Amino acid sequence: MDPDAVAKAFVEHYYRTFDSNRAGLVNLYQEGSMLTFEGAKTQGAQAIAAKLASLPFQQCMHNISTVDCQPSGPAGGMLVFVSGSLQLAGEQHPLKFSQMFHLMPTPQGSFFVLNDIFRLNYA
């Protein structure tokens, strides 16, 4: 398993799903998962899905600039750090963002998001 290839495939899947079917992200989280979105913590797959669905915009498009990853711990986890821009429908200027995922393997051979931290980057 090439960690860079896994990270790249995960990032493509995550943001494609976020941009087209945000509710579909619920399957990437579990009850022990935690999202910190702009400093606000949310735990559990259903609560995270509800938080993402409640964001004050319906349509957006993520443009990814960088994806960095590192293996994490003996259980086969992976840290994935993403930077890019977020274009909201009706807005002229994109917003810069950074997001970190801590992915953990599932018994089925895929990964779930254990930790997810999102921040807009204001300059």
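Residues numbered from 1 in each chain as written. Predicted model: local features only at pLDDT ≥ 70, side-chain atom pairs only at ≥ 80, totals over all residues. Heavy atoms only, no water.

A. Molecular detail of the sheet that holds strand 3 (residues 60-72). Read from one edge to the other, the open sheet built from six strands follows the order 2-1-6-5-4-3, with strand pairing classed as mixed. Each end of this open sheet is capped by a strand with a single partner; those strands are strand 2 (40-43) and strand 3. Adjacent strand axes in the sheet meet at a mean angle of 15 degrees when their direction is disregarded. With five bridges connecting them, strand 1 (residues 29-37) and strand 6 (residues 111-120) associate as parallel partners. Counted as the bridge partner of Thr-36 is Ile-117 from strand 6. In the packing of helix 1 (residues 3-20) onto the sheet, the strands contacted are strand 1, strand 3, strand 4 (77-88), strand 5 (95-105) and strand 6, and the crossing angle to strand 3 comes to about 150 degrees. Against the sheet, helix 2 (residues 45-53) makes contact with strand 1 and strand 2, and its axis sits at roughly 35 degrees relative to strand 1, the strand it touches most. (Pairing = 2+ DSSP bridges. Helix = DSSP H or I, 4+ residues; strand = E, 2+ residues; numbered from the N terminus. Axes fitted to C-alpha atoms, helices over the stretch in contact; angles between N-to-C directions. Contact = heavy atoms within 4.5 Å.)

B. Spatial organisation of the side chain of Asp-116. Considering the arrangement of structural elements, one finds Asp-116 in strand 6. With no salt bridge to any partner, buried Asp-116 finds its closest opposite charge in Arg-119, at an N-O distance of 11 Å. Contact partners of Asp-116, with chain neighbours within four places excluded, come to Tyr-14, Tyr-29, Met-34, Leu-35, Thr-36, Gln-99, Met-100 and Phe-101. (Buried < 20%, exposed > 50% of the residue type's maximum accessible area, 1.4 Å probe, protein only. Lys, Arg positive; Asp, Glu negative; His and termini not counted. Salt bridge = Lys/Arg side-chain N within 4 Å of Asp/Glu carboxyl O.)

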